[in-house]
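Examination of the molecular architecture
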2 protein chains.
Amino acid sequence: MRADARRNRDRLLAAADAVFTERGADASLNDVAKRAEVGIGTLYRHFPTREALLGATCDERFLTLAQHSRERSASLSALEALRLFLEELVHYAGIYQGLAASLGIVLRSGTEGCHATTAEGQRLLEAAQREGEVRGDIRLDDVVCMAMAISLSASQDASGTKRIPRLTGMFIDGLRPPCDARGTRPR
Amino acid sequence: MRADARRNRDRLLAAADAVFTERGADASLNDVAKRAEVGIGTLYRHFPTREALLGATCDERFLTLAQHSRERSASLSALEALRLFLEELVHYAGIYQGLAASLGIVLRSGTEGCHATTAEGQRLLEAAQREGEVRGDIRLDDVVCMAMAISLSASQDASGTKRIPRLTGMFIDGLRPPCDARGTRPR
DNA sequence: TCAGTAAACGGAGGGTTGCTCCGCTTAAAT
DNA sequence: ATTTAAGCGGAGCAACCCTCCGTTTACTGA
């Protein structure tokens, strides 16, 4: 990769992060190019679609999400690890206004971080299911859907972020098998 | 209301429904005006925002949603009635491609049907909470966000519609109070 | 050091859409 | 028939997306 290409790519990522943070995930891509002091053509050459750009700006974050989750999960119950994973996913879905709505697509954008995050989520989910803490018919997509719902709900009003932990706990509870099948649930 | 205004309003609604059905909720409003054989200014005078137009095209549908829900809820448990309400809300959020993303705004557009639907949702939610089947800290907004997330998630992959009943069940389960607070949950 | 070359750059420009504004038309009241 | 205000229409401007192609520039090999 040529040096100027690498440099421009980095500038674009920094600019995109700033613009998306300020004006949301639907911000003008012209503004991104301007802030990066780069031609609009250069932006489109590096990132053919908005989702590709979004995926790239989130790449590092999703990489550290997966990393952190792996590190702490050794010392936690499967369900608690999954709960924290979901909570963190919700957090990252909220870094740009409007990102949550396309979380599913962005996670499929193929970047390293997105892949690491989905792999980690799958791992946690299967572990929790193996231990009988989560119903067997739940899929990772369902968990991502939860993250979308919680993030959307939190972005509705000003004090929304405070409700995230409670909503997360609630929905994780909903994933457990019905309690008459396994006696009283520990709380 | 003047006769020509009424006539144009009706033409616009019919045209909007057709165009939104064909090309999704993000379709060009110029196309709507053209199909209605009406000036674009007339469209904006009757419906100042896209959401207002969407709300108006969905008005009847939301009216029947509320009606049906009221009719059947007499013979159902509060929680089951809420589950069916959510499922039907998801269904209507999918009649136009891309409608789900603005479901929250559309429901606040103030039309009779939207108002009836939110009132009915509120009623069902409060009933379920009074009977201890749903946690007290849940708000109607949360339920609407669930519908948005389910609909968005379902529209993002090919086999999405098949997951709707499972997802609604999953979310409704999450709304229940923790089981040691109320003994064994009936299933 | 210095061509030669392919990769990368930049931004003009065409197409699309959103939305406003204001001169003209017309339904309806008197 | 006259009046008037509600309603109509669409030109027009601004914003945006994305492509295309002439120009520039980083690397390579001699």
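It should be emphasised that the depicted structure is a prediction, and the values quoted were computed from it without experimental measurement. Residue numbering note: each chain is counted from 1, following its sequence as written. Here chains are named by letter from A upward and ligands by number from 1 upward, in the order in which they appear as written. Local features in a predicted model are, by the rule used here, given only for residues with pLDDT of at least 70; side-chain atom pairs are given and counted only at 80 or more, and totals for whole chains, interfaces and linings are based on all residues. Note that water and hydrogens are dropped before the side-chain values are worked out from all heavy atoms of the structure.

**Some details on the overall build of chain A**
To qualify as a helix, a DSSP run of H or I must reach at least 4 residues; to qualify as a strand, a run of E must reach at least 2; elements of each kind are numbered from the N terminus. The helix and strand tally for chain A stands at nine helices and zero strands. In sequence order, the secondary structure elements of chain A are arranged as α-α-α-α-α-α-α-α-α. Taking the principal axes of the C-alpha coordinates as reference, chain A spans close to 65 × 35 × 25 Å. When contacts within chain A are restricted to residue pairs at least 6 apart in sequence, long-range pairs at least 24 apart make up 66% of them. When the accessible area of chain A is evaluated, it comes to approximately 8,600 Å², of which 50% is carbon and sulfur surface. Positive charges are assigned to Lys and Arg, negative charges to Asp and Glu, while His and the chain termini are left out of the count. Positions of charges follow a simple convention, taking NZ of Lys, CZ of Arg, CG of Asp or CD of Glu. If the 26 positive side-chain charges of chain A are averaged to one point and the 25 negative ones to another, these points end up 2 Å apart. Residue contacts are defined here by distance: any two heavy atoms, one from each residue, within 4.5 Å place the two residues in contact. Per-residue and other accessible areas were derived by the Shrake-Rupley procedure at a 1.4 Å probe size, with only the shown protein chains allowed to occlude residues.

**Digging into the relation of the copies chain B and chain A**
All copies are superposed by least squares; the fitting set is the C-alpha atoms of residues with a pLDDT of at least 70 in both. Between chain B and chain A, which share one sequence, the superposing operator has a rotation angle of 178° and an axial displacement of 1.5 Å; the RMSD is 0.6 Å. Classification of the inter-copy transformation places it as that of a two-fold axis. No C-alpha of chain B approaches the rotation axis more nearly than that of B:Gly174, which lies at 1.8 Å.

**Observations concerning the interface of chain B and chain A**
On the chain A side, the residues contacting the 30 residues of chain B number 33 residues. The term buried area refers to how much accessible surface (probe radius 1.4 Å) is lost by two components on association, counted for both of them together. Together, the buried faces of chain B and chain A total about 2,800 Å²; carbon and sulfur atoms form 60% of this surface. Only one rule defines a salt bridge in this text: a Lys or Arg side-chain nitrogen within 4 Å of an Asp or Glu carboxyl oxygen. In this structure, the connection of chain B to chain A is made through seven salt bridges. In protein, a polar contact means a hydrogen-donor-capable atom and an acceptor-capable atom, both N or O and within 3.5 Å, with residues adjacent in sequence counting only if both atoms are side-chain atoms; elsewhere, any N or O pair within 3.5 Å suffices. Counting the contacts that link chain B with chain A gives eleven residue pairs in polar contact (both at pLDDT 80 or more). Only helix H8 (140-156) and helix H9 (164-175) of chain B provide two or more residues apiece to the side of chain B that touches chain A.

**Brief notes about the side chain of A:Asp59**
All names here are of chain A. With respect to the helices, strands and loops of the structure, Asp59 is situated in helix H4 (residues 50-73). It turns out Asp59 is buried and unbridged, and the closest side chain with the opposite charge, Arg9, is 6.0 Å from it. Within the local environment of Asp59, its side chain forms a polar contact with the backbone nitrogen of Gly113, the two atoms lying 2.5 Å apart. Contact partners of Asp59, with chain neighbours within four places excluded, come to Thr111, Glu112, Gly113 and Cys114. Throughout, exposure labels follow a simple rule: accessible area from a 1.4 Å probe, protein chains only, divided by the maximum for the residue type, with under 20% read as buried, over 50% as exposed, and the rest as partly exposed.

**Here we look at the nonpolar core**
Formed by 122 residues in total, the largest nonpolar core has its most connected members in A:Val32, A:Phe62, A:Leu103, B:Val32, B:Phe62, B:Leu103 and B:Phe171. Sequence-distant contacts of A:Val32, defined by excluding residues within four places in its chain, comprise A:Leu12, A:Ala15, A:Ala16, A:Val19, A:Leu43 and A:Leu53. Only buried Ala, Val, Leu, Ile, Met, Phe, Trp, Tyr and Cys residues count toward a nonpolar core, and they belong to the same one when joined by side-chain atoms within 4.5 Å.

Purely geometric numbers; function is a separate question.
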